[in-house]
Amino acid sequence: MLKNPFDTKEASEQNHLNNDDNLQNIETNQPLEEIVSEQDSENSLDFESFTFKKSEKYEYTPQSKRVRQSKRDVENDLTDEEYHERLMELNTNAENKHYVLFFGQPASGKTWIIGSLLHYMKNYLGGTVYLDSDKSTDSEEELFYQLQDRFNGVVHSEKITSTDTKQYFEFHISFTPKDSSKPPMDIIFIDASGEHSEQGFRNRHNEKSGKLPNYLTAILESKVNTKLAFVYDQSLIDEKGSIPQVNVLNAVFTHIQHIQLSQKKTFPKALLLSKADRIYATDMAAVERNGYDPMHYALEKIPSFANSFFNESPNNKTIFYKMGTFSTNSDLILEFDTECPSKLFRWLYMEGTGGTSPVKEPTCWNKFMGWFKGESK
Ligand SMILES: Nc1nc2c(ncn2[C@@H]2O[C@H](COP(=O)(O)OP(=O)(O)OP(=O)(O)O)[C@@H](O)[C@H]2O)c(=O)[nH]1
Ligand SMILES: [Mg+2]
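These numbers come from a predicted model, not from an experiment.

Visitor: Help me understand the overall build of the protein chain in this model?
Guide: Within the protein chain, the regular secondary structure consists of 14 helices and 10 strands. The buried share of the protein chain, taken over its 377 residues, is 30%. For the protein chain, contacts bridging at least 24 residues in sequence account for 73% of all contacts bridging at least 6.

Right, here's the structure in full:
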């Protein structure tokens, strides 16, 4: 059995104990080998074929009895052996796994964007959507419900805080479209702290810097389908002593280029201009100057990143990402807007399925009628 690199030592020991428990007779608590030998003497059946149950090489533990991890601890990098095991785990059934990685500075809005996608998928997207709890840690399940509550406007829901730098989160979401002719999809959203993106930028005073944490490179180097979202928040001010936001994005982009070149693959990419409600409220002149085009806006604001990003491929997308109306009092969403989450999800699904749309697309006639009635989309 593959060892889970995120498995703590105690958890593995506990797991082992559970396995031994499985070998006990539930009613008598008598070890199975004793029962087998008793039965063996009673009748002359050959029990040799049953001995695999006690074999040290193969001990099956049902999913329901495995010890659930509390979190994905990434305080230290994976060792070479753990990295190798993680790659093997990722590469198993890789073609059916769709990872989505979010990069960007702390507080740029990554966790909230993931929250908005999850809220859209659970509440507005036609089909069955659930978090696969068998593949989740306790922290992931907690954050999943915290995000749901926050977007559902539950009054005493906990606030979403800055993502912990000592762990990262995988949301394993299973999506089965209502229309059975459309393929189901397992999407795994990765929420990492902004500090882990910053780590990509070389700082001579920090020996860990200059490369991405290796739990992220394992995903990038594996054979799973991976899509990347770069998050840029124009409302964040580069503070003295901190790494400028555009340098973080450039550093991550460069690491991605190296992986792409060495492995001869290209990841689909999107640039999300986050907190677009704030862009519209405070930077409308620039939006107008750029003809409401997010690509031109990005080229004006962060030319060094945007040039490379858009020149890499015409398929690289960008969007002013808005998720609704925020309260001026606190980070409370007053009204949810499905437009951007639905566009982002549509892009993810279509990239993952080779062009199938997750929803019933309007016909030319419907589009015309919508336009006739004054609808913009
Ligand atoms: N107005 C507005 N505020 C937003 C939006 N998205 C996020 N925020 C606020 O921005 C802050 C940071 O958002 P997060 O999603 O936690 O940022 P992050 O990139 O995950 O940050 P780290 O986890 O520290 O890397 C939160 O206080 C949110 O309330 C948005 O679309 N509009
Ligand atoms: Mg976060």
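Visitor: Got a minute to help me understand the site of ligand 1 in this structure?
Guide: Taken together, 20 residues sit near ligand 1, with Thr111, Ser162, Thr163, Gly194 and Asp331 positioned nearest. At the level of secondary structure, the elements contributing two or more residues to the shell around ligand 1 comprise helix H4 (110–123) and helix H9 (276–282). Counting residues per element, the shell around ligand 1 draws most heavily on H4, at three residues. Among the residues forming the shell around ligand 1, the class breakdown is six nonpolar, nine polar and five charged.

Visitor: Help me understand the nonpolar core, please; the structure alone is not making it clear to me.
Guide: As a rule of thumb, nonpolar side chains are buried together in soluble globular proteins. Leu101, Leu117, Phe230, Leu272 and Leu273 are the most contacted members of the largest nonpolar core, which has 67 residues in total. If you tally residues by element for this core, the top one is H4, at seven residues. Leaving out residues up to four positions away in the same chain, Phe230 has contacts with Phe103, Gly104, Leu249, Lys269, Leu271 and Leu272.

Visitor: How do you make sense of H4 when you look at a structure like this?
Guide: Because an α-helix packs 3.6 residues into every turn, residues spaced three or four apart end up facing the same way. Taking 1.5 Å as the rise per residue, H4 with 14 residues should run 20 Å; its terminal C-alpha atoms sit 20 Å apart, in good agreement. Where burial is concerned, most of H4 is hidden: 12 out of the 14 residues are buried. Within the span of H4, buried status applies to Lys110, Thr111, Trp112, Ile113, Ile114, Gly115, Ser116, Leu117, Leu118, His119, Tyr120 and Met121.

Visitor: So what exactly am I meant to see when it comes to the packing of helix H11 (residues 294–301) against helix H12 (residues 303–312) here?
Guide: Axis angle and axis distance: for two packed helices, these are the angle between their axes and the distance between the axes, and together they describe the pair. Orientation of H11 relative to H12, taken along the N-to-C sense of each, is 135 degrees, at an axis distance of 6 Å. As far as their axial angle goes, H12 and H11 are oblique. Crossing of H11 against H12: the hand is left-handed. Contacts between H11 and H12 pair Met295, Ala298 and Leu299 from the former with Pro303, Ala306, Asn307 and Phe310 from the latter. For the contact of H11 with H12, a count of residues per class yields six nonpolar, one polar and no charged.

Visitor: Looking at this model, I keep getting lost on H12. Mind explaining?
Guide: Every buried residue belonging to H12 is among Phe305, Ala306 and Phe309, and all of these are buried. What you see down the axis of H12 is that its buried residues fit within an arc of 90 degrees, all on one side. Within H12, the exposed residues directed more than 90 degrees away from the buried face are Pro303, Ser304, Asn307 and Asn311. Where the residues of H12 are buried, they touch helix H8 (245–263), strand S7 (269–273) and H11.

Visitor: Teacher, can you tell me more about the pairing of strand S6 (residues 225–232) here?
Guide: Here is the key point about a regular strand: its side chains alternate between the two faces of the sheet. Along S6, seven of the eight residues are buried, which leaves the element largely enclosed by surrounding structure. In the sheet, strand S2 (residues 97–103) pairs with S6 via six bridges, with the strands oriented parallel. Bridging across to S6, His98 finds its partner in Asn225. Bridge count for S6 against S7 is five bridges, and the pairing is parallel. Along S7, the bridge assignment pairs Tyr232 with Leu273. Taken together, S6, H8 and S7 form a β-α-β motif whose crossover is right-handed.

Visitor: What is the right way to look at the packing of helix H3 (residues 80–91) against helix H7 (residues 214–221) in this model?
Guide: Running from N to C, H3 and H7 point in directions that differ by 40 degrees, and their axes come no closer than 9 Å. By the angle class used here, H3 and H7 are oblique. The way H3 lies across H7 gives a crossing that is right-handed. Side by side, H3 and H7 meet where Tyr83, Arg86, Leu87 and Leu90 of the first sit next to Asn214, Ala218, Ile219 and Glu221 of the second. Here the contact of H3 with H7 is composed, by residue class, of five nonpolar, one polar and two charged.

Visitor: In this structure, what is going on with the environment of Gln146? I would like to understand it.
Guide: You can see Gln146 is positioned in helix H5 (residues 138–152). Residues Gln146 and Ser157, 11 residues apart in the sequence, show an inter-C-alpha distance of 6.6 Å. When residues no more than four places from it in sequence are discounted, the contact partners of Gln146 are Ser157, Glu158 and Ile160.

Visitor: Explain unusual backbone geometry here, please?
Guide: Excluding glycine, residues mostly carry a negative phi; peptide bonds, for their part, are mostly trans. Residues other than glycine seldom take positive phi values, yet Lys264 does so here, at roughly 50 degrees. Structurally, Lys264 is set in the loop between H8 and S7.

Visitor: How should the environment of Glu95 be read in this particular structure?
Guide: With respect to the element layout, Glu95 can be found in the loop between H3 and S2. Counting along the chain gives 129 residues from Glu95 to Val224, while the straight-line C-alpha distance between them is 5.8 Å.

Visitor: I would appreciate a short explanation of the confidence of the model for the protein chain in the present structure.
Guide: Do not read the fine detail of predicted coordinates wherever pLDDT is low. Summing up the model confidence of the protein chain, the mean pLDDT is 85 and the portion of residues at 70 or higher is 79%. Confidence drops under a pLDDT of 50 for residues 8–12, and excluding neighbours within four residues, the segment shows three contacts in the predicted structure.

Visitor: Can you walk me through the environment of Asp238 in this structure?
Guide: With respect to the secondary-structure elements, Asp238 resides in the loop between S6 and H8. With near-sequence residues (within four places) excluded, Asp238 lies in contact with Pro244 and Gln245.

Rules behind the numbers
- Residues numbered from 1 in each chain as written.
- Chains lettered and ligands numbered in written order.
- Predicted model: local features only at pLDDT ≥ 70, side-chain atom pairs only at ≥ 80, totals over all residues.
- Helix = DSSP H or I, 4+ residues; strand = E, 2+ residues; numbered from the N terminus.
- Buried ≥ 20, exposed ≤ 12 C-beta atoms within 10 Å, placed from the backbone.
- Contact = placed C-beta atoms within 7 Å.
- Near = placed C-beta within 6 Å.
- Nonpolar A, V, L, I, M, F, W, Y, C, P; charged D, E, K, R; others polar.
- Core = buried A, V, L, I, M, F, W, Y, C linked by C-beta atoms within 7 Å.
- Expected span 1.5 Å × (residues − 1).
- Axes fitted to C-alpha atoms, helices over the stretch in contact; angles between N-to-C directions.
- Parallel < 35°, antiparallel > 145°, perpendicular 65-115°, else oblique.
- Left-handed = near helix turned anticlockwise from the far one by under 90°.
- Arc of directions from axis to C-beta.
- Pairing = 2+ DSSP bridges.
- Right-handed = clockwise from strand over helix to strand, strands pointing away.
- pLDDT = per-residue confidence, 0-100.

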